[in-house]
Amino acid sequence: MKFEDLLLEIGGFGRFQVLILFILCLPRINLPMHFLLHNFLAATPSHHCAIPHQEAFVNLTMEEVLLVSIPRKPDGTFRSCEMFLQPQFHLLLNSSLQPENNSVSQHCQHGWVYDHSQFTSTIATEWDLVCEQRGLNQATATFFFGGVTMGAVVFGYLSDRFGRKAMLLLALVCSVVFGMLSAASVSYSMLAITRTLTGVALSGVSLIVLPLGMEWVDIQHRTFSGILTSIFWSIGNMLLAMVAYLVREWHWLLVAVTAPCLLSAVCLWWVPESARWLIANGKVQQAHRHLLRCARMNGRKDFTVSLEALRRMATDKKPGGSYSYISLFRTPVLRKISLCSGAVWFGVAFSYYGMSMNLTGFGLNMYLSQFVFGIIEIPAKLIMYVLVNRVGRRQSQAWSLILTGLCIGANIIIPKPFTSLRSVVAVMGKGFSEAAFSTVFLYTSELYPTVLRQNGMGYSSFMARLGGALAPLVFLLDEVWRSLPEVTYSGVAVCCGSVAFLLPETLHAHLPEGIEDIEKAQVKEPPRTGAPEGMPLQPLLKGGTPWDSQNVGLQN
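Throughout this description, residue numbers start from 1 for each chain and increase along the sequence as written. For this predicted model, a pLDDT threshold of at least 70 governs which residues receive local features, and a threshold of 80 or more governs which side-chain atom pairs are given and counted, while totals over whole chains, interfaces and linings are taken from all residues. Calculated side-chain values reflect all of the structure's heavy atoms, with hydrogen atoms and water omitted.

(A) Representation of empty space enclosed by the protein in the model. Only protein atoms enter the 1 Å grid used here, on which a cavity is any set of points holding a 1.4 Å probe that cannot leave and a pocket is any open set flanked by protein within 12 Å on both sides along at least five of seven lines; residues with an atom within 4 Å of a point are listed as lining. Grid points are joined across faces, edges and corners, and a volume is the space filled by probe spheres set on the points. Here the structure, examined in full by the defined rule, presents six cavities of 30 Å³ or more. Its boundaries defined by the atoms lining it, the largest cavity holds a volume of some 140 Å³. Around the largest cavity, the lining comprises 15 residues; the ones closest to its centre are Arg28, Ser230, Phe437, Ser438 and Phe441. Breaking the lining of the largest cavity down by element, the ones donating at least two residues are α9 (222-246), α15 (332-356) and α18 (419-447). Ranked by residues supplied to the lining of the largest cavity, first place goes to α18 with five residues. Under the scheme applied, nonpolar residues are Ala, Val, Leu, Ile, Met, Phe, Trp, Tyr, Cys and Pro; charged residues are Asp, Glu, Lys and Arg; polar residues are all the others, including Gly. Its residues assigned to classes, the lining of the largest cavity shows seven nonpolar, four polar and four charged. Going along the chain from the N terminus, every DSSP run of H or I of four or more residues is numbered as a helix, and every run of E of two or more is numbered as a strand.

Now the structure itself:
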């Protein structure tokens, strides 16, 4: 007897599941507002060296002061990180003249002056994270995703050990605490530490939300629920653009994107623990109570199931503490799945955040780019909803990621003046990238067995966040070659997309319960959606007929 068969009796997608998915969608909205916050939190406005003793230039306009004080680039704009050692007054006579010698410029000695027309303040303007300190500005995103990487490992284990709901609540509370501390940061070091800890907490939210909802949904509606949940990520993307447009001061921006986590934590009261996890860990009384509640809400009031029946389901399931991340690599089929899915997750996140953090590279206003990138994700998800059910998870995953890489590569070739064409290609690439991300969440949650699902998601998320942590640093490679960041993003996406072809197909397959389900799945069988193997379901649900592993195919 499998849990899928219980879902058929209690209703695999009724009012109970809709309520759970709606509540779990609230934190999904909040996630991209933090994960992509770096675009606005660490934005670097136009700036130039602060010019000392400006009282000496009382008869000059500001443009003339800059002309005699700041060197210019070949395109005529003023340099951001250099100033003349001495004022070059001869340039007032003819601005096309060159400085008197090549040694008159130096690095900024008195700080910088920033253009505040777009941002009241950012962390770049707060602590002068420009020029030689530009790496620290980009590292802020790396610190955050470093925390997300650590959180994937920690919460993946804890949620398998102590339950999905308890760890999700802990993650949401910690997100509120560390998010508010980030907003109150008085130094760059404090911000780096608190953003790292925020990343750890939000990683738990990201990691647990989808499996907690999926484990209550039947096979037929599993894809729909996964895509529906991911659409709320796109809504969060669009809301981030609106919030960032309205709140231009970085302290209050952090408060604005953190506060909704508190609402999500309160609403979690109405979400039950995963009955799959409870049965797999021998907590059958709690599972029994939640199953009956589900049946009542879904109008299946005549449903009954005995505690003995649930105990028999749990007999061959090891406690969550008996498994660890090492278990993902102990058996051959599971080892192959873990290695390949890790590579795919790395490529998906690396290319996704590479595109998402380059809002100014396609000729659009950054707020508009953020909003458009959010909008394009919704049709991409809806198309993937059709494709993953028609062509399967594996093909959809592989080609969406490969096409992402090809779009990034195409923009390397398209000349800069063709801003409209570059914008269209970038939006297409963002759509493919989001399609790949939506698919990988659904696909991975179907690849791993229940007893290892959160460990598997934790490991996969670790690889994704490793890609996310490296993505912002790749932008610094433009000092080596201007197109090197795009070449890197494109190559990684194509290579990792090709690896997805090595994963097994999970379309219409039962969620595996134990490791043996994974290893035995190499023997292909038609999907089953009715009663368990060997005997009808209803007598078992009444609790009157004992059975053995030969009759009902219990898995170890």
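The rest of the description comes next.
(B) Quick look at the nonpolar core. Note on terminology: a nonpolar core comprises buried Ala, Val, Leu, Ile, Met, Phe, Trp, Tyr and Cys residues joined through side-chain atoms within 4.5 Å. We call a residue buried when its accessible area falls under 20% of the maximum for its residue type, exposed when it is over 50%, and partly exposed in between, using a 1.4 Å probe and counting protein chains only. Counting 123 residues, the largest nonpolar core has Leu6, Phe35, Phe40, Leu168, Tyr353 and Phe437 as the members making the most contacts within it. Contact partners of Phe35, with chain neighbours within four places excluded, come to Phe144, Phe145, Val148, Leu202, Ser206, Trp233, Tyr353, Met357 and Arg465. Core analysis: the next-biggest nonpolar cluster, separate from the first, contains 13 residues, Cys49, Val68, Cys108 and Trp112 among them. Should any heavy atoms of two residues lie within 4.5 Å, those residues are considered in contact.

(C) Inspection of unusual backbone geometry at higher detail. With a phi close to 50 degrees, Asp128 is a non-glycine residue in the positive phi region. Note on placement: Asp128 falls in the loop between α5 (123-126) and α6 (134-162). For Cys131, which is not glycine, the phi dihedral falls at a positive 55 degrees. Within the secondary structure, Cys131 is located in the loop between α5 and α6.

(D) Just the side chain of Thr142, in detail. With respect to the secondary-structure elements, Thr142 resides in helix α6. Residues contacting Thr142, with those up to four places away along its chain left out, are Ala469, Pro472 and Leu473.

(E) Spatial organisation of the pattern of salt bridges. Any carboxyl oxygen of Asp or Glu within 4 Å of a side-chain nitrogen of Lys or Arg constitutes a salt bridge here. Evaluation of the coordinates by the stated rule reveals eight salt bridges. Among the salt bridges present, the one from Arg164 reaches Asp160, with a minimum N-O distance of 2.7 Å. Across the pair, Asp160 and Arg164 agree in class, each one buried. Note that Glu215 and Arg164 form a salt bridge whose closest N and O atoms lie 2.8 Å from each other. Linking Glu215 in the loop between α8 (188-214) and α9 with Arg164 in helix α7 (residues 164-183), this pair joins segments that are 51 residues apart in sequence.

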